[in-house]
Amino acid sequence: IAVIEETCQKKNATLHKTGIEKEECKIHFAKELELQVTAQSIPQKISSTGSFFSYQGIHTHFDDLYICLAGMHQLANATVALCTLEILNKKGFCTNEKDIRAGLSKVVHPGRLEIIHTNPTFVVDIAHNAMGARAIANALTSIFDYDNLIVIIGVLHDKDVQGILRPFL
């Protein structure tokens, strides 16, 4: 973050930081680094089929948004996207609340905590690094219900095998 802040200063650019208002969120990097956030999402209900949340941005506030992707990390990604839209709106690339709500509710990301079968539930994810593995492990323990969990992991030889396996162990 220090390199990014320094680059922004050199280029006279504004750095916008986003986060999620939730203590146990592992990917709220701004909180971990004790940085002030520009925009944040407030989770209301996180489930294996999507999330309801509010967004408090630079100039915009939305309540009762829904994104049909599973996991707190997807809420973090949505926060970045919404903050980006706010900035683009100020530069003349206009969007409206109706389109934002529709876009969030229809977004798909195949292979990311994707439920491909129910009863029994079968979930796939294509995480390829330690951060992605932490997001999956967090989602498995916080939003999925199960009595018996079977995890199958395949990792290419050029990846951080220990970093990917650690969250599951």
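Just above, that's the structure.
Described in the following lines is the structure provided in the data block. (Residues numbered from 1 in each chain as written. Predicted model: local features only at pLDDT ≥ 70, side-chain atom pairs only at ≥ 80, totals over all residues. Heavy atoms only, no water.)

1. Let's talk about the sheet that holds strand β1 (residues 18-20)
Quick note on the threshold: At least two bridges found by DSSP between two strands are what make those strands a pair. Runs of E in the DSSP output that reach at least two residues are strands. Runs of H or I that reach at least four are helices, and both are numbered from the N terminus. All axes are obtained by fitting lines to C-alpha atoms, using only the stretch in contact for helices, and the reported angles, taken between N-to-C directions, cover 0 to 180 degrees.
An order of β1-β2-β3-β4 is seen for the 4 strands of this open sheet, with the pairing classed as mixed. Where the open sheet ends on each side, the last strands, each with one partner, are β1 and β4 (61-67). Neighbour-to-neighbour, the strand axes of the sheet open up by a mean angle of 25°, direction not taken into account. Looking at chain direction, strand β3 (residues 50-56) and β4 are connected through 5 bridges and run antiparallel. Following the sheet pairing, Phe53 is matched in β4 by Leu65.

2. Describing the pairing of β3
We count it as follows: Relative accessibility decides the category of a residue: with a 1.4 Å probe and only protein chains considered, values under 20% of the type maximum give buried, values over 50% give exposed, and everything between is partly exposed.
The buried count for β3 comes to 5 of 7 residues, which makes it a mostly enclosed element. Sheet topology note: the strand β2 (residues 39-47)/β3 ladder contains 7 bridges and is antiparallel. Pairing of Ile42 across the sheet is with Ser54, part of β3. Two successive antiparallel strands, β2 and β3, enclose a turn made up of 2 residues.

3. A few points about unusual backbone geometry
Between Asn119 and Pro120 the backbone carries a cis peptide bond, its omega angle lying at 5°. With respect to the helices, strands and loops of the structure, Pro120 is situated in the loop between β5 (114-117) and β6 (122-124). One non-glycine residue with positive phi stands out, namely Asp64, at about 55°. Residue position: Asp64 is located in strand β4.

4. Observations regarding the side chain of Ser51
To keep it simple, the criterion reads: Note on contacts: a residue pair is in contact if any heavy atoms of the two residues lie within 4.5 Å.
With respect to the helices and strands, Ser51 occurs in strand β3. The residues touching Ser51, leaving out its near neighbours within four places in the chain, are Lys45, Ile46, Leu65, Tyr66, Ile67, Leu69 and Gly71.

5. Section: the nonpolar core
Formally: Throughout, nonpolar core names a set of buried Ala, Val, Leu, Ile, Met, Phe, Trp, Tyr and Cys residues whose side chains join them through atoms within 4.5 Å.
Ranked by size, the top nonpolar core spans 24 residues in total, and within it Phe53, Tyr55, Leu65, Leu82 and Leu104 carry the most contacts. A per-element tally of this core places helix α3 (residues 72-90) first, with 6 residues.

6. Considerations on the side chain of Ser47
How we decide: Whenever two N or O atoms come within 3.5 Å, that pair is a polar contact, provided that in protein one can donate a hydrogen and the other can accept it, and provided that, for residues adjacent in sequence, both atoms are side-chain atoms.
Tracing the sequence through the fold places Ser47 in strand β2. Among the residues examined, Ser47 registers a relative accessible area of 18% and is labelled buried. Of the polar contacts made by the side chain of Ser47, one reaches the side chain of Thr49; its length is 3.2 Å. Once you skip the residues sitting within four places of it in the chain, Ser47 turns out to touch Ala70, Gly71 and Ile143.

7. Section: the packing of aromatic side chains
Basically, it comes down to this: A pair of Phe, Tyr and Trp rings is counted when the ring centres sit within 6.5 Å of each other, with Trp represented by its six-membered ring. The angle between the planes then sorts it: under 30 degrees is stacked, over 60 is edge-to-face, the rest tilted.
Across all of its chains, the model carries 2 aromatic pairs by this definition. For the pair Phe52 and Tyr66, a centre-to-centre distance of 4.7 Å together with 45° between the ring planes defines the contact as tilted. Placement of the pair is Phe52 in strand β3 and Tyr66 in strand β4, with a sequence separation of 14 residues.

8. Some details on the environment of Ala102
Tracing the sequence through the fold places Ala102 in helix α4 (residues 97-106). Measuring from C-alpha to C-alpha, the distance between Ala102 and Ile42 comes to 19 Å, with 60 residues separating the pair along the chain.

9. Overview of the pattern of salt bridges
The criterion, for reference: Salt bridge, as used here, is a side-chain nitrogen of Lys or Arg placed within 4 Å of a carboxyl oxygen of Asp or Glu.
According to the stated counting rule, one finds 3 salt bridges in the structure shown. Here Lys10 and Glu6 are joined by a salt bridge, their closest N and O atoms 3.0 Å apart. Linking Lys10 with Glu6, this pair stays in helix α1 (residues 2-10), spanning 4 residues, or about one helical turn. The exposure class assigned to Glu6 is partly exposed, which follows from its relative accessible area of 42%. Note that Arg101 and Glu97 form a salt bridge whose closest N and O atoms lie 2.9 Å from each other. Note that Arg101 and Glu97 are positioned in helix α4 at a spacing of 4 residues, about one turn of the helix.

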